[in-house]
Amino acid sequence: YIIKHGMVKISGKDEHGIDQQIAVLSDDSFFGEMAFVLEAPRNATATAISECEVFELKKSAFMKLLESSPNGAAKISTAFMGRLKDNEKNRPAKK
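The rules we used
Residues numbered from 1 in each chain as written. Predicted model: local features only at pLDDT ≥ 70, side-chain atom pairs only at ≥ 80, totals over all residues. Heavy atoms only, no water. Helix = DSSP H or I, 4+ residues; strand = E, 2+ residues; numbered from the N terminus. Buried < 20%, exposed > 50% of the residue type's maximum accessible area, 1.4 Å probe, protein only. Areas by Shrake-Rupley, 256 points an atom, 1.4 Å probe, with all protein chains shown as cover. Lys, Arg positive; Asp, Glu negative; His and termini not counted. Charge placed at Lys NZ, Arg CZ, Asp CG, Glu CD. 1 Å grid on protein atoms, 1.4 Å probe; cavity = no way out; pocket = protein on both sides within 12 Å on 5 of 7 lines; lining within 4 Å. Points joined across faces, edges and corners; volume = space filled by probe spheres on them. Nonpolar A, V, L, I, M, F, W, Y, C, P; charged D, E, K, R; others polar. Core = buried A, V, L, I, M, F, W, Y, C linked by side-chain atoms within 4.5 Å. Contact = heavy atoms within 4.5 Å. Salt bridge = Lys/Arg side-chain N within 4 Å of Asp/Glu carboxyl O. Pairing = 2+ DSSP bridges.

> For the overall build of the protein, give the residues involved together with the corresponding values.
From N to C terminus, the protein includes three helices and five strands. Its helices and strands in sequence order give the protein the pattern β-β-β-α-β-β-α-α, from N to C terminus. If one aligns the C-alpha atoms of the protein with their principal axes, the spans along those axes are about 45 × 30 × 20 Å. When each of the 95 residues of the protein is scored for burial, the buried share is 18%. For the protein, the accessible surface area stands at approximately 7100 Å², while carbon and sulfur atoms represent 55% of it. If the 14 positive side-chain charges of the protein are averaged to one point and the 13 negative ones to another, these points end up 4 Å apart.

Structure representation (structure tokens):
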């Protein structure tokens, strides 16, 4: 998804099942790419916290964007890697 304008809260459940805010995204930000890249179910919830205009990008269009736009692919890759690092850092330690 691409946020044309507005604010979207990204949240996920912690190890106790309690909702935790992960990020607040705004104009020209995107989310949902991790499910496409990892080919896995969503692991977070997006909630509009202001009036928003959001574009849905289907997986086939997302893949074409990656192939046709080196700058777009680099931006998405950088965000993806940062989000992976944040997820790993915030993951509770296994006992």
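> How would you explain the layout of surface pockets if you had to name every residue and give the values?
Approximately 1200 Å³ is the volume attributed to the largest pocket. As for the largest pocket, its lining consists of 42 residues, of which Ile-10, Ile-22, Met-34, Asn-43 and Ala-44 are closest to the centre. Of all the secondary-structure elements, those providing two or more residues to the lining of the largest pocket are β2 (8-13), β3 (19-25), α1 (33-38), β4 (45-48), α2 (59-68) and α3 (70-90). It is α3 that contributes the most residues to the lining of the largest pocket, seven residues altogether. Across the lining of the largest pocket, the residue classes tally to 21 nonpolar, eight polar and 13 charged.

> How would you sum up the nonpolar core? Please name residues and give values.
Ile-3, Val-8, Ile-10, Leu-25 and Phe-31 form the largest nonpolar core, which has five residues in total. If we ignore the near neighbours within four places in the chain, the residues touching Ile-3 are Val-8, Leu-25, Ser-26, Asp-27, Asp-28, Ser-29, Phe-31, Glu-53 and Val-54.

> Give me the pattern of salt bridges: which residues, what numbers.
Tallied over the entire structure, the rule returns two salt bridges. With its nearest N and O atoms 3.9 Å apart, the salt bridge here joins Asp-19 to Lys-13. Lys-13 sits in the exposed class, given a relative accessible area of 61%.

> Got a sec to walk through the side chain of Glu-33? Specific residues and values, please.
Relative to the elements of secondary structure, Glu-33 occurs in helix α1. Setting aside chain neighbours within four positions, we find Glu-33 in contact with Phe-62, Ile-76, Phe-80 and Arg-83.

> Break down the environment of Val-37 for me, citing the residues and quoting the values.
By the secondary structure assignment, Val-37 is in helix α1. Residues Val-37 and Ser-11, 26 residues apart in the sequence, show an inter-C-alpha distance of 19 Å. Not counting residues up to four positions away in its chain, the partners in contact with Val-37 are Phe-62 and Phe-80.

> A description of the pairing of β3 should follow, citing residues and the corresponding values.
Both β2 and β3 contribute to a ladder of six bridges, which runs antiparallel. Bridging across to β3, Ser-11 finds its partner in Gln-21. Taking the residues between adjacent antiparallel strands as the criterion, β2 and β3 are bridged by five residues, where Gly-17 takes a positive phi near 80°.

By themselves, these observations are geometric and do not establish any function.
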